[in-house]
Structures are given as C-alpha cells and as structure tokens.
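Given next are the chains, with one letter for each unit.
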Amino acid sequence: MSSPDRAYWKPAEETLPRPALEALQLDRLRQTLARVWEKVPFYRHKLDEAKVSPDAVRGLADLRRLPFTTGADLRETYPAGLLAVPPDEALRLHTSSGTTGKPKAIFFSRQDVDNSAELCARSFVATGMGRQDVFQNMMTYGLFTGALVTHYAAEKIGCLVIPAGPGNSDRQLLLMRDFRTTAIHITPSFALYFADFLEKHGVDPRQELALQRAFVGAEPYTEATRRKIEAGLGVRAFNSYGLSEMNGPGVAFECQEQQGMHLWEDHFLMEIIDPGSGEPLPLGARGELVLTTLVREAMPILRYRTRDITSIMDAPCACGRTHRRIQRITGRADDMLIVRGVNFYPQQVERILMAIEGVGRNYVICLEGLDEMTVKVELSEAGMSDRPEPMYALQDEIVSGLRAEILTKPKVELVPPGALPVSEGKARRVIDNRKL
Ligand code: ADP
Ligand code: ZN
C-alpha cells in the first residue's frame, strides 16, 4: 500500500546517476534560456550584451558565459520586470524578507507553487518525516516564503499542520503538549529562546513533549548552536536552506546523515564563485553560492548571486541521493565586518561563544564610536548560578577565545539569561552605530 509520504521519496528523481542528472539539467537550462529570451526583455538584453544566444549553450560548461543576476537587478526590475508568464498566470506573490534592503517581488505560477511545496516535502521526507507527524510551523506567515511553503509541503505529506507562527511561547507549548507535536520549523534564534523558555518553566521536553525533529533555517547558525538546540528541545535539528528568489525553503536540506545539505539539482544549477572577482572556484572551495533555476515558470532566474558563503561537497552521501551537498552556510558576503582593519563574520563570534560553558543562548555584537566593539553575551541559567563571582574568568575566556579567532580584542559584557532582545523574524546579530 502506498502512503502519501512514500510518494515524496522518489528514488527516480533523487538518485539519478550523475550523467542522467546532468543531461536533465542541460535540457532544462536550455528550456529556461529559451523561455527568458522570448519572454523577459531584461534577460534578452543581458544575453545580447553577453553575446550568448540560447542555442549557443551546448553543455553545462557554457553556464559561465551567461550573465549574473543580482539582488540589485531584482530591485531595479520591481515590481514585475522579470515576469515570464502573462500576469493572469501568476498565482502567488512572495517577497524576500528584506533583511538587507528593499524587498524583492517573487512571482509563482501554479506549477511553481506546486514545485515549491513538492521540493520542500521531498526535503522533509529526507529527514524521516512522514504522514504520522504533527508539524508545528513556528515561522512567520505572510509575504515571507518561510512559513507558507513548508506549510503546504507538510500538508502534501499528510501531516497534521499547526500554523502557529512565531512568538507566544506559552501558546506554542500548549499546542505542543495538547496535539503531541513531533516536528517544528523554526529559526535558530527562536529555537534558542524557546529552549530557554522550557528550561525556565522546568519543562523537560524529553519527558513531557513528543518532539523529534526541528527544521532550522532562515538565518546562519553554527554547529555549536545546533547542538544547543538539540539539547534544549530534545530533537534532532536539521539544517534547512532556501531563499525566496529560488523557491523559499526546500532548496537544500539535510538528510538523516546530517552531513551537509543536499541541494536539489534537478531544480537548480549551482556554482561557487569568488565573490570579489565573480570567477568560478574549483570544486570544494568556499565562496559565494550562485543558483540558476531550471524549472521555474513565472520567474526564472539566471546565475543568481545569493551572497551566501558555502562550498560544494562532491563525495557521495550514505543515504544514496545523488544530488550534491553544500556545507553549512557560514554567512553572507555582505555580513562581513571590518573592525580595526580586520575582517570577520558574525558566525565566527558565534562559533566561539557557543562552545564555551556558562554562555547562554543569545548574543549581539555592538559597534560604536570609531571602531569600538562590544560583544554582549547572555549567561546560561547554570552559568548564572554556578559562577557567582568568577565572572571575570568567564569573561577572560571569552575575550581570549574571540581574540584568537577574529584577531582583534573586543570588550565582553555578560548579561543575565533573557536580557537581550529577541526578534520574531530573523535575528539581528550586529548593531553598527559607528561613525566611520
Ligand atoms: P532575505 O534575503 O531578505 O533574508 P529570504 O527570506 O529569502 O530573504 O532569506 C534567504 C536568506 O536567508 C538566504 O539567502 C540566506 O542568507 C539565509 N538563510 C536561509 N536559510 C539558511 C540556513 N540554513 N543557513 C544560513 N543562512 C540561511
Ligand atoms: Zn544524504
């Protein structure tokens, strides 16, 4: 008997041998090019400028001859300059959450809506989720793709879906208890906050709740943060990557092996480039992820500069899926901070902090004056009570850990658990008020 969840483990698609997968990619790339050439003047013009006609693309290696699309291009063509279907065939509008500027409008046709849910369902099933699961969606519903795409994906699988949205921890807990929630979708910052909430209320999730899995994404986080989330919520936390420009969630996802995220290569072509020069980097090198949509109807996008920093893992995965994996995103090219002449990413700070005992679940990097950096760090509940006075020791440990990692010495301020603000959407890790 076939159950709905089995329908989303499609070995034929997910385990295609490489040559067949690449043939499919080439075929779909050529269709995408023909489509944008015909329907999107913006791309016709860009392709003319780059002197590439759709038929000139004969192999995947020709991809590098195609023009990039940037976030700025999306904003300049706002609202509908990249639409490749007649307006009445557009079925849904999403925008990127606008973390880094004015939102970008993304259109979905009926087929795109189906595909986005399908890819996300495929991702969920890869983590072992099935129709028996109860899925509590703790992401923001609205223009943001994060909640809607996963919502429909879990419904496709046949789960009971609880559209809780973020915030209101009391109500989240009530729902989890009463409906025996097994899987949640949540940002890393809210997951840490919620873990704190459970601890404070003396709730042992392993005893009192039925949680098994958390799908954690929408913002960068480290392995150490994953472990904290797993410990605090009593779950396995799966890394979930996506962006509105491509599909929303379900672009790349961890399988049960939890070693990197399979990027669904039958829907996207991926490249890694040097974010400075735009040149492709050798396989395995870390750089900016560039994605080309292969099956998008309403708004195909060529060589999109995601600004996300990662690398491709070429080795086969033990799960049998042939779609290659990407490493955990270590940050965005635009997130790089320069303080007193040294460059670093906020995730480097997080990696050090989260590995130190006594450190709690939230932190913020404050930049002020000419180039003064203060890292405000919440203590854990245990950190508060175990260390009444040797705070200086903890502070020193943090300062020297950070100094070794980012090569500059910040001030460190320890604050009680829960003292730092938590945002309902994406976490704000850096407050830059410098007068440079
Ligand atoms: P915005 O660019 O406004 O934040 P989106 O809501 O589409 O718009 O967010 C997509 C971005 O979120 C990605 O480009 C990436 O920077 C970040 N992101 C999403 N999932 C992850 C993840 N698992 N790890 C790191 N970053 C992620
Ligand atoms: Zn795998």
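Counting of residues starts from 1 at the beginning of each chain's written sequence and follows it residue by residue. For naming, the first written chain is A and the first written ligand is 1, with later ones following in the order written. Only residues with pLDDT of 70 or above have their local features reported here, since the model is predicted, and side-chain atom pairs are shown and tallied only from 80 upward, although totals for entire chains, interfaces and linings are computed over all residues. With hydrogens and water excluded, all non-hydrogen atoms of the structure serve as input to the side-chain values.

J.: Whenever I open this one, the packing of helix H8 (residues 188–200) against helix H10 (residues 223–233) confuses me. Can you help?
T.: Any two packed helices are characterised by the angle at which their axes cross and by the distance between the axes. Lines fitted to C-alpha atoms define the axes here, with helix axes fitted over just the stretch in contact, and angles between the N-to-C directions of these axes take values from 0 to 180 degrees. Strands are runs of DSSP state E lasting at least 2 residues, helices are runs of H or I lasting at least 4, and numbering of each runs from the N terminus. Their axes nearest at 9 Å, the elements H8 and H10 cross at an angle of 35 degrees. In this structure, the crossing between H8 and H10 has a hand that is left-handed. Here Pro188, Ala191, Leu192, Phe194, Ala195 and Leu198 of H8 come into contact with H10, specifically with Thr225, Lys228, Ile229, Gly232 and Leu233. Ten residues, namely Ala, Val, Leu, Ile, Met, Phe, Trp, Tyr, Cys and Pro, are considered nonpolar, four, namely Asp, Glu, Lys and Arg, are considered charged, and the remaining ones, Gly among them, are considered polar. Grouping the amino acids of the contact of H8 with H10 by side-chain chemistry returns eight nonpolar, two polar and one charged. Each crossing gets its handedness from the near helix: less than a right angle anticlockwise from the far helix is left-handed, clockwise is right-handed. Between two residues, a contact is recorded if the distance between any of their heavy atoms is within 4.5 Å.

J.: I'm lost on the domain arrangement of the protein in this one. Help?
T.: How large an interface is tends to be reported as the accessible area lost when its parts come together. Considered domain by domain, the protein is made up of domain 1 (1–333) and domain 2 (336–432). Across the contact, 28 residues belong to domain 1 and 20 residues belong to domain 2. Buried surface at the junction of domain 1 and domain 2, both sides included, amounts to about 2,000 Å², of which 51% is carbon and sulfur. Salt bridge criterion: a side-chain nitrogen from Lys or Arg within 4 Å of a carboxyl oxygen from Asp or Glu. Across the domain 1-domain 2 interface, the total number found is two salt bridges. Between Arg361 and Asp196 there is a salt bridge, and its shortest N-O distance comes to 2.7 Å. Each polar contact in these results corresponds to two N or O atoms within 3.5 Å; when the atoms are within protein, one needs to be able to donate a hydrogen and the other to accept it, and residues that are neighboring in sequence are counted only if both atoms are side-chain atoms. Joining domain 1 to domain 2, the criterion identifies eight residue pairs in polar contact (both at pLDDT 80 or more). The element best represented in the side of domain 1 that touches domain 2 is H8, accounting for seven residues. Grouping the constituent residues of the side of domain 1 that touches domain 2 by class yields 11 nonpolar, 11 polar and six charged. Segmentation into domains, and thus their bounds, comes from an automatic or database assignment. Summed over both partners, the accessible surface that disappears when two parts come together, traced with a 1.4 Å probe, is what is meant by buried area.

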